[in-house]
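One letter stands for each residue in the lines below.
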Amino acid sequence: MTLMLPVMPTNWLMGALVFAVVLLMPTVVYFAGHSALRRFPKLFNALHWLFGAYLIYLIVAGVATLLIS
């Protein structure tokens, strides 16, 4: 736990920044790619698989953090 202290948010603004980087930025990239890759079905499907894997990783990491801490 002490190794995590330097990267943990120390106030609400830093927490909002971490939230934006972890959840909102990939969502913006996803929707931009969603509209750009609609004409390329294989890349379009790969984008869905990649984003789905990222969301599953976030859920597992969040649950593990809650259970371990």
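Residues numbered from 1 in each chain as written. Predicted model: local features only at pLDDT ≥ 70, side-chain atom pairs only at ≥ 80, totals over all residues. Heavy atoms only, no water.

(A) The arrangement of a nonpolar patch on the surface in detail. Taken together, the side chains of M14, L17, V18 and V21 make up a nonpolar region of the molecular surface, amounting to roughly 310 Å² of accessible area. Along the chain, V21 falls in helix α1 (residues 12–36). (Patch = residues over 30% accessible without salt bridge, like charges linked within 9 Å, V, L, I, M, F, W, Y side chains within 5 Å. Areas by Shrake-Rupley, 256 points an atom, 1.4 Å probe, with all protein chains shown as cover. Salt bridge = Lys/Arg side-chain N within 4 Å of Asp/Glu carboxyl O. Helix = DSSP H or I, 4+ residues; strand = E, 2+ residues; numbered from the N terminus.)

(B) Quick look at the packing of aromatic side chains. If you walk through the whole model with that rule in mind, you get 2 aromatic pairs. For the ring pair Y30 and F31, a centre distance of 5.3 Å and an interplane angle of 70 degrees mean the geometry is edge-to-face. When its relative accessible area of 54% is taken as the criterion, F31 is described as exposed. Arranged with centres 4.4 Å apart and planes meeting at 20 degrees, the rings of Y30 and F51 form a pair that is stacked. Residue Y30 is found in helix α1, and its partner F51 is found in helix α2 (residues 41–68); the two are separated by 21 residues along the sequence. (Phe/Tyr/Trp six-rings, centres within 6.5 Å; stacked < 30°, edge-to-face > 60°. Buried < 20%, exposed > 50% of the residue type's maximum accessible area, 1.4 Å probe, protein only.)

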